[in-house]
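# Remarks on the overall topology
Here is what each chain is made of, one letter per residue.
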Amino acid sequence: MKTFFSILICVGVAFTMNAQNLIRVNANPTADADYTVLQTAIDNANAGDTIYVETEGGSVGSASVDKQLTFIGKGYYLNEQDSTYQSVSTHAIQVNFNATLPANPHGSKFIGLEITGMTDIRANNITFEKCKIDYIQLNYGGSNYYNSGLSVIQCSVASMTSSTLNLPVNNLFISNSILDDVDYIKCTSNCLFVNNQIGNNSGPNSSIIAVVESMIFENNIFLDAVPSNSSNPASNNQFHNNVFVNLPTNFTTNGIGNIAATSASLFVGGTGSDAQYQLSTTSPAKGAGLNGVDCGPFGGATPYVLSGLPDLPRVFKIITGFGPNVNQMNVNVKATTNK
């Protein structure tokens, strides 16, 4: 199989040691990838394989996942990065799950991808890491109903909600992410929101958390958001060491260490899609979390990574030339990593 960047295959193997195969998908036929269509790559993959998705070459289509796979992309907002990145728009993919037996997508992982449309979580133990996602819907109420083990880490998510409160989730872990909207989610056990930003700077009521039950919120920043509304009150939640632009008044029994702040005092600002939410040097969110960590997505053990750049070496310049004899070629490779 070919590598992500047609070079440094040994690095790719080290990154995914448990994978059976490394598969490369690029819509550009001149890229010499294994496949030009993502679904074809999935259909021909084995459980445990890793698929590198290169969408700057054009749309590779959607993904209907029916086996445990790892998908790795190049990130998003790449035009906001330095000049070593290609300043072209990447294409988003649509992700669907098929868990009808004998299909088994449980445990699949998505890294550094832009995912468009609604993503119904129809499988257990799914992980999204460093992804930009339009819409995550929990508790799909059809025949393929699963509700356990979703992890969303270092992601930018426009909306996260549930199809119904009658199908609660468990083992939900949301960390170091930027979430515009979160509501209508009920938890039975082990649901934690830690070091996230909920809401955005688009204006008042950009995010309202309604009917969120039995969650633990730690070290988050809530922008123009409240943990309940008058018609659908939240219940049985715990709020510890969060920063609120609008600090609720009913935190006498279910929260400690929460503080109020203005949006203007929190961030560096600017025009960067995610960079604007980095904490300023004087931000009241600095050190306000449990054990003195910074609140928000850029604090804690796994800080948010701008543009969702994956932890893979990136070759940005190759210089070739003739060596001292006709049988020799000099190659100079310049690469960097986000580690």
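Bear in mind the structure is a predicted one, so any value in this text is a computation, not a measurement. (Residues numbered from 1 in each chain as written. Predicted model: local features only at pLDDT ≥ 70, side-chain atom pairs only at ≥ 80, totals over all residues. Heavy atoms only, no water.)

Quick look at the side chain of Lys130 now. Following the sequence through the fold, Lys130 ends up in the loop between strand 8 (127-129) and strand 9 (132-138). Looking at Lys130, its side chain comes within polar contact range of the main-chain oxygen of Leu309, at 3.5 Å. For Lys130, the contacting residues outside a window of four places in its chain are Tyr76, Ile111, Gly112, Leu113, Ile153, Gln154, Cys155, Val305, Gly308, Leu309, Pro310 and Asp311. (Helix = DSSP H or I, 4+ residues; strand = E, 2+ residues; numbered from the N terminus. Polar contact = N/O pair within 3.5 Å; in protein donor to acceptor, adjacent residues only side chain to side chain. Contact = heavy atoms within 4.5 Å.)

Another aspect to go through is the environment of Gly269. Note on placement: Gly269 falls in the loop between helix 3 (263-266) and strand 22 (314-322). Sequence separation between Gly269 and Ser280 is 11 residues, and the spatial gap between their C-alpha atoms is 8.3 Å.

Omega for the bond connecting Leu101 with Pro102 falls within 30 degrees of zero, at 10°, which places this linkage in the cis form. Look at Asn241: it is not a glycine, yet its phi comes out positive at around 55°. Along the chain, Asn241 falls in the loop between strand 18 (238-240) and strand 19 (243-244). Residue classification places Asn241 among the buried positions, given a relative accessible area of 13%. (Buried < 20%, exposed > 50% of the residue type's maximum accessible area, 1.4 Å probe, protein only.)

Before going further, it helps to examine the pairing of strand 9. When you tally the buried positions in strand 9, you get 5 out of 7 residues, the bulk of the element. Pairing between strand 7 (residues 114-120) and strand 9: 5 bridges, direction parallel. Counted as the bridge partner of Thr119 is Ile136 from strand 9. With 6 bridges joining them, strand 9 and strand 11 (residues 156-162) adopt parallel strand pairing. Pairing of Leu138 across the sheet is with Ser162, part of strand 11. (Pairing = 2+ DSSP bridges.)

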